[in-house]
Structures are given as C-alpha cells and as structure tokens.
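Chain and residue survey
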Amino acid sequence: MKINGRKAWPFVLFVAFYLVLSGEALPQEYGKPIWENDLADAVTTLTVISDVSDDGLPDVIAGTAGNMVFCIESAGGEPWWSSTTGGTVWSVAGVGDVNGDDQEDVVAGTAFNEIHCFSGGSAYGVGIELWKVSLRGDIWAMMGINDINQDGCKEAVAGTADNSVLCLSGKDGSELWKVPTDSDVFALARFPDITWDGREEVIAGCGDGKVYCIDGVTGSVLWAYNAGGRIWSLGTLDDVDGDGVKEILAGTGANTLVCLRGKTVSGDREVWSAQALGDVFSFRVTEDLSGDEVKDVFFGSRDNHLYLCDGVTGFPLWARNMSGEVLSLDLVSDLTCDGKAEIVCGTGLSSVHCDSASDGADLWYYPFDTSGAIQHVASIPDTTGDQVEEIVAASANGMVICLSGSAGFPPQSSLMVGDANYDSVVDLSDAVVSFQILSQVRSEPDFLRVGFCALGDSNHDGYVTLEDLVEVLRMLSDGLGYMEFSP
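Residue numbers run consecutively from 1 along every chain, following the written order of its sequence. In keeping with the model being predicted, local features are shown solely for residues with a pLDDT of at least 70 and side-chain atom pairs are shown and tallied solely at 80 or more, while totals for entire chains, interfaces and linings include all residues. As a convention, hydrogens and water are excluded, and side-chain values are obtained from all of the structure's heavy atoms.

**Quick notes on the pattern of salt bridges**
Every case where a carboxyl oxygen of Asp or Glu lies within 4 Å of a side-chain nitrogen of Lys or Arg is listed as a salt bridge. Inspection of every chain in the model, using the stated rule, returns twelve salt bridges. For Lys-295, the salt bridge goes to Asp-238, with nearest N and O atoms at 3.8 Å. In this pair, Lys-295 sits in the loop between β24 (280-286) and β25 (296-301) while Asp-238 sits in the loop between β20 (231-237) and β21 (247-252), placing the two residues 57 residues apart along the sequence. Between buried and exposed lies partly exposed: a residue is buried under 20% and exposed over 50% of the maximum accessible area for its type, with that area taken using a 1.4 Å probe on protein chains only. Lys-295 gets classed as partly exposed once you look at its relative accessible area, which sits at 38%. Numbering goes from the N terminus for both helices and strands, where a helix is a DSSP run of H or I of at least four residues and a strand is a run of E of at least two.

Structure follows, in structure tokens:
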C-alpha cells in the first residue's frame, strides 16, 4: 500500500484497509427479519405476483399442506386473503388479469386433482374463486403463458401426475391442448418463440428424466430429450452455442445441472453438464462472473453444496459447503461492491444464507427459530429504502419470514472511506463524482438515499450528502491527495 502526501493516515483506517485487502473474513452478521407470518402448516409452494393489495409492492402467494392458499402483503407480511382447497397445494402461479379487474389472478394446483383460479384482488380477506377444474392426478406444477386463443387472457399450463401437460384457458379453465408424457410432470418453464407464431413455447420436465419442448399454441412436441434423472427444475440461459436460440437448463435427480440446445434440430442436444454429488433442486442465472461475457449459473444440490459454474462450459468456478441440502435460490443486489449480484439460498437445516458471488463466502446468515427445511426463497423489491431487494423465505414448518437483503449492515468495501467511485483510489475524481451526484439532488430533502455501492457515497453510509464531498476534500487538503489501495 502506498500514500503520496504529507501525513500518515490514522492507525484505525490502516487496520480497516488491511483487513479488506488481505482477504480476512469480516465478522459474520446475522440476517435482519422485517416481518414474519405463521401459516400453521408446511409451505409447499411459493411465488411472487404483481401488486394486488395496493401497497405499491408485489405480493406473495403461498400454498400449504393444510389445503390453503394465502396472498401475503410484501410490505408488512399481513395476509391479504386466503382460501381453502380440497387438498395439499403443490403449485401456485400468477396468470395475469383474467376477470377484468386490473389485478393479477392466481392458479393453484392440488393433491385433490384440482386446479383453482382465484381473483388476486379478492376482498374481505377471503379468496374469490373464479373457476375450478378437476383432472386426473396431482397437479405438481403450474405456470402462466401468453394468450393463445385470442380472448385477451393469459393461459394456465399444468404438469400432472396423470403423465400429461395441459394448457387451460385462463378465462374459464377449458382445455386448449393436452400432451401425454411417459411419467409425472414435475417442472415447467416458458421458452421464447421458436415456431415463428409470436407465442411462447412450453418446456416440461418429467420424473423419468425427459425434457419436452412443446409448441405453446398447438401443443405439438417440438423435441424431447432424456436428461438422465428426474427433472426438479427448469429455466433458460442465453444462447451459448451461437445458433441464435436460447438454451435450456435442467436440474436433475442424476446429480447434474444440464444445459440443452433449445433449437429444433437433430443431433447432440446437450451443450454441457455440471456434476454435483446429489440431486440439483434449484438454480439461478447470474451475470458474467468468469470474464467470458456470457452469463453464469448458481445451483444448489442435495449434497449440501452451493455451486457456481461457467455458462459456456459448465466448468465449476467455486463450490461452498452449506452444511445442509441447498433447496432454493435467488439473487440480491451487490453487497460487496465488486459489481456482482449476491446469491441467497435456503437449506435443509432451517437456515437462509446470503453468500458472495465472488467466492461463496457468507455475508449474512439467518437461522429459523424452529426446525423445517427452507424449500422456498424469493426476492422482492426493496422495502427498507436501502435499494437492496428483500428475501421472503418459507419453511416446511409453516413460517414465512421476510429478511432484509442487506441485513442492515454496510458492504465490506465501505471501509475504503473517500473512495466515491469504487476504483480503489482516492483522488480528485472522487470529489467530482460526489459533486455531480449532489448537483442532481433537490435542496429538500438535502440528501439522496442511494443504498450500497452507489457512486458519490464516499463515506458509504447509504446516503449522498454534502458530507461525502466534504470528506473527499478534507482528505485531499490534508495531504492525502492521492491514495492507491493495493495489497
């Protein structure tokens, strides 16, 4: 580390810089709960839909083993409405506005072989059922897709224990198409249009390891591929093989995350396969972390590990032992000011972890008070004003808790006081950045809440104020005119 100037910096500042630059772990911080709600029975499914409670934030839909569907307000955690079904609710999904009240509606698939459609804007705390259909077999998976029958409503797609994928009218539940499969359908995902009809396609994953790509309009099978093990999760990845079509990711019971070509061509469909030592339950695509300008992928496994793999090759970039099955994943904004979104995971040991994207190191950790695997985590927009998303986590014991994505503490690089542009140098450019940001702030209020890793916040307290500019100018005037941080 070198300093050009007349005075030595304070000893405390030196120690702080040393700890950051030497890579020493900072003390573990516990997650910060915002609200909690006990739903009394195991939470079996959870999703986030658009705001239906008129509090300005998306709302949370949860289904339970007690045959209930709950709509929970993101801001305070209060149930907005609830409704009873005839069996365990295995899957819930938003399907857009199907009853014309300008609020998103919800479909729920149950162990009673039924699909219920509820009004998202249900009044007086009771879910208003818009329609119900009875099928054959448990409804393991649900999702919404684009309107395909031109009635102005999105449609609902269901994966069933009756070895079939069905597309139902979002408006009334009538069947639009049905595709038979060779086993239960456990996972569904939307896929960009590859049939040139302007409508999304459907990806379905089954218990026998097969992945189907289905024409979203007609229900025709475009291709099928055996990924080698039960399909737990499905999603898409940007085109990595250069054929102009996105790829498909599948988490399998064969201990692999598989990347498949989405294009309807014959030949080898597998692009790569990332190996774990247990079932792969969940994954999330993140920005490029490997430097090849292609997005990379986090995934979690029953082998208690969280993995990051390269999006082009599937090559592991790092692995982290979470001491419990990694069952669910989601992302929150950069907390360490390294330009990379962080990963949050729920484990089989009743805990939620937020880990650094760079190396998997714990940033914060939250243990639930009672036992129950954390099978669902989902990020929601910031509710605390620090510009970091919050995390809603649901336990198998019925507890739903909203946790601060930032855990209420500053990022590690906040120790670099004076570095307003996060380039590891304190110089005149930091003063310029702070001044430019301040010039855009109204006099009332006289500060701007910016959250973590924001340009202009030279003292890294989550606000841009005159103090930030003064701090940089003070350091420059004291002879610390140029400080370069290097190990």
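The structure having been displayed, the exposition proceeds.
**Digging into the packing of aromatic side chains**
Planes of paired rings set the category: under 30 degrees apart is stacked, over 60 is edge-to-face and the rest tilted, where pairs are Phe, Tyr or Trp rings (Trp by its six-membered ring) whose centres lie within 6.5 Å. This structure, assessed with the given rule, holds eight aromatic pairs. The interplanar angle of 45 degrees and the centroid separation of 5.2 Å between the aromatic rings of Trp-90 and Trp-140 together place this pair among those described as tilted. Here Trp-90 is found in strand β8 (residues 89-94), whereas its partner Trp-140 is found in strand β12 (residues 139-145), with 50 residues between them in sequence. According to the relative accessible area criterion, Trp-140 is partly exposed, its value standing at 23%. Every member of this aromatic cluster is reached through a ring pair, and the members are Trp-90, Trp-140 and Phe-186. By the criterion adopted, a ring carries a charge over it if an Arg CZ or a Lys NZ lies within 6 Å of its centre and within 35 degrees of its normal. If you follow Arg-269 out to its NZ or CZ, it ends over the ring of Trp-223, 3.9 Å from the centre.

**Considering the side chain of Asp-215**
For Asp-215, the location among the structural elements is in the loop between β18 (210-214) and β19 (221-226). In this charge count, Lys and Arg are treated as positive and Asp and Glu as negative; neither His nor the chain ends contribute. Arg-199 provides the closest opposite charge to the buried, salt-bridge-free Asp-215, at an N-O distance of 9.2 Å. Among the polar contacts made by the side chain of Asp-215, one reaches the main-chain amide nitrogen of Val-217 at a distance of 2.8 Å. In this structure Asp-215 touches Trp-177, Thr-195, Asp-197, Glu-201, Ser-220 and Leu-222, once residues within four positions along its chain are discounted. We call two N or O atoms a polar contact when they sit within 3.5 Å, provided that within protein one can donate a hydrogen and the other can accept it, with sequence-adjacent residues counted only if both atoms are side-chain atoms. In what follows, a contact means two residues having at least one pair of non-hydrogen atoms within 4.5 Å.

Keep in mind that these numbers describe shape and distance, not what the molecule does.
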